[in-house]
Number of protein chains: 2
Amino acid sequence: MLVGSRMTYPVITISPRATLDSANDLINKESIHSLPVVDRQGRLLGLITKDKIDSVLCKNGSTNEVESELLVEDFMMTQVLTVTENTPIEEAARIISDYDIKSLPVIRGNYVVGIITATSLIRIFLEMTGARSQGIRLTLQVEDVPGKIFSIFKKICEMNGNVVSFSTYNSEEKGYKMMTLKIDGIEKYELKQAITPLVYKVADIR
Amino acid sequence: MLVGSRMTYPVITISPRATLDSANDLINKESIHSLPVVDRQGRLLGLITKDKIDSVLCKNGSTNEVESELLVEDFMMTQVLTVTENTPIEEAARIISDYDIKSLPVIRGNYVVGIITATSLIRIFLEMTGARSQGIRLTLQVEDVPGKIFSIFKKICEMNGNVVSFSTYNSEEKGYKMMTLKIDGIEKYELKQAITPLVYKVADIR
């Protein structure tokens, strides 16, 4: 899955010459966390965040007259991390996690064409784990050996089941992996009976 | 994957009789977004967020004397969404996404035993997609028919490859699904040659 297929667009942006006050209004009205700052052609100049605006406006007192003179360009970050439409979504997630940021503008050349946010990553996570799909959710602890995943898929295929989603992650016990599958088209009891002999443990079925 | 295996604990909490000012200091010091409010026994009474504190302290002026008298209990949310250790992680993600919240206390009985945050969900997402693992990342567009996933896994197994992670998601074209796999132990060119005849399109390989 690439950023281009899951980014939010068009992007709500702001001009560097806008006031912090108007940036604040826009952020609140749109329930967003940050605004890419762009020139008239849509090229990325910086990023202004809700946290930054809050801290500046709060310090100056929210009814202070001086507020109307504060400009976005004087408070925006100018070193902005970005991705392109061709970046894998996991790489965007890695940047957001490693740098503890809330949004990542997507650029084509210097132009802002989309945005990926922490919130949109959670929606994608839901889609990838099939959380909103029907089916039986099965969590297995299996020996971490080649062919193990295959033997489980083979059994499900033989039973005419359909794997809606599948993910693996580390087990707390060495030598094992955990996997969670969402499976459709097989009855729960029948599935448990068939899978149990293939794995170390059926950790959860629901 | 259940919440219990991935929640953050111990949890940083605060007393209802603490001042907003001290809650603010704690939130900033720990770089967190919210604090579960608990009684002396550790039972959940409410939740106080950074956004709430910011808006109250900002309104009152940050150097105002009145600030030191504002108590957490008067500003905390008392209707708090929670999960248990036995809740699937996808269900926690669904709640965080649907209610647009940033954290979810984990309770056992009425006692707070952990917390799941939007940030921790992104870390889990990275783990599940194998973003930090070695291997070839393959994105496929396949016909949405039973047995399709199986045929791909069978081929990888025959080539002595190892599936590090796997996820499916909707294609923009009807009748198709997208899938992203991370595969170890097979050379990139060889993998592409073997998989191409099985699928509608190898959308990306890197």
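Note that the coordinates shown come from a computational prediction; the quantities given were computed from them, not determined experimentally.

**Regarding the relation of the copies chain A and chain B**
- For these two chains of identical sequence, chain A goes onto chain B by a turn of 180° and a shift of 0.0 Å along the axis, with RMSD 0.0 Å. The superposition operator between the copies reduces to a two-fold rotation axis. The rotation axis passes nearest to the C-alpha of cysteine 58 of chain A in chain A, at a distance of 2.5 Å.
- Most of the interface of chain A is mirrored in chain B, where 100% of its interface residues again form contacts.

**Points about the domain arrangement of chain A**
- Parsing chain A into structural domains produces domain 1 (3–125) and domain 2 (131–205).
- Computed over C-alpha atoms only, the centres of domain 1 of chain A and domain 2 of chain A are separated by 41 Å.

**Quick notes on the pairing of strand E2 (residues 44–49) of chain B**
- Relative to E2 of chain B, strand E1 (residues 34–38) of chain B runs antiparallel, the two sharing five bridges. In the sheet register, serine 34 of chain B faces E2 of chain B, and the bridge partner there is threonine 49 of chain B.

**Overview of the UniProt feature "domain: CBS" (unreviewed entry) in chain A**
- Using the residue numbers shown here, the UniProt feature "domain: CBS" (unreviewed entry) corresponds to residues 7–63 and 76–133 of chain A.
- Regarding residues 76–133 of chain A, the helix share stands at 36% and the strand share at 22%, and the terminal C-alpha atoms are separated by 41 Å.

**Some remarks on the state of the cysteines**
- Following the criterion strictly, the structure yields zero disulfides over all chains and no others.
- Free of any disulfide, cysteine 157 of chain A has its nearest cysteine sulfur in cysteine 157 of chain B, 13 Å distant.
- Its relative accessible area of 24% is what places cysteine 157 of chain A among the partly exposed residues.

**Here's the deal with helix H4 (residues 89–98) of chain A**
Residues and elements named next belong to chain A.
- Counting buried residues in H4 gives seven out of 10 residues, a clear majority hidden from the surface.
- Taken residue by residue, H4 has Ile89, Glu90, Ala92, Ala93, Ile95, Ile96 and Ser97 as its buried positions.
- Positive backbone phi, approximately 50°, marks aspartate 100, located one or two places after H4.

**Remarks on the side chain of serine 103 of chain B**
All names here are of chain B.
- Tracing the backbone shows serine 103 in strand E3 (residues 103–108).
- In this structure the side chain of serine 103 is engaged in a polar contact, spanning 2.5 Å, whose partner is the side chain of serine 34.
- Every residue in contact with serine 103, bar those within four places of it in the chain, is listed here: Ser34, Leu47, Ile115, Ile116 and Thr117.

Cut-offs and rules
Residues numbered from 1 in each chain as written. Chains lettered and ligands numbered in written order. Predicted model: local features only at pLDDT ≥ 70, side-chain atom pairs only at ≥ 80, totals over all residues. Heavy atoms only, no water. Least-squares fit on C-alpha atoms with pLDDT ≥ 70 in both. Contact = heavy atoms within 4.5 Å. Domains from an automatic or database assignment. Pairing = 2+ DSSP bridges. Helix = DSSP H or I, 4+ residues; strand = E, 2+ residues; numbered from the N terminus. UniProt positions renumbered as here; feature names shortened; annotations may be inferred. Disulfide = S-S within 2.5 Å. Buried < 20%, exposed > 50% of the residue type's maximum accessible area, 1.4 Å probe, protein only. Polar contact = N/O pair within 3.5 Å; in protein donor to acceptor, adjacent residues only side chain to side chain.

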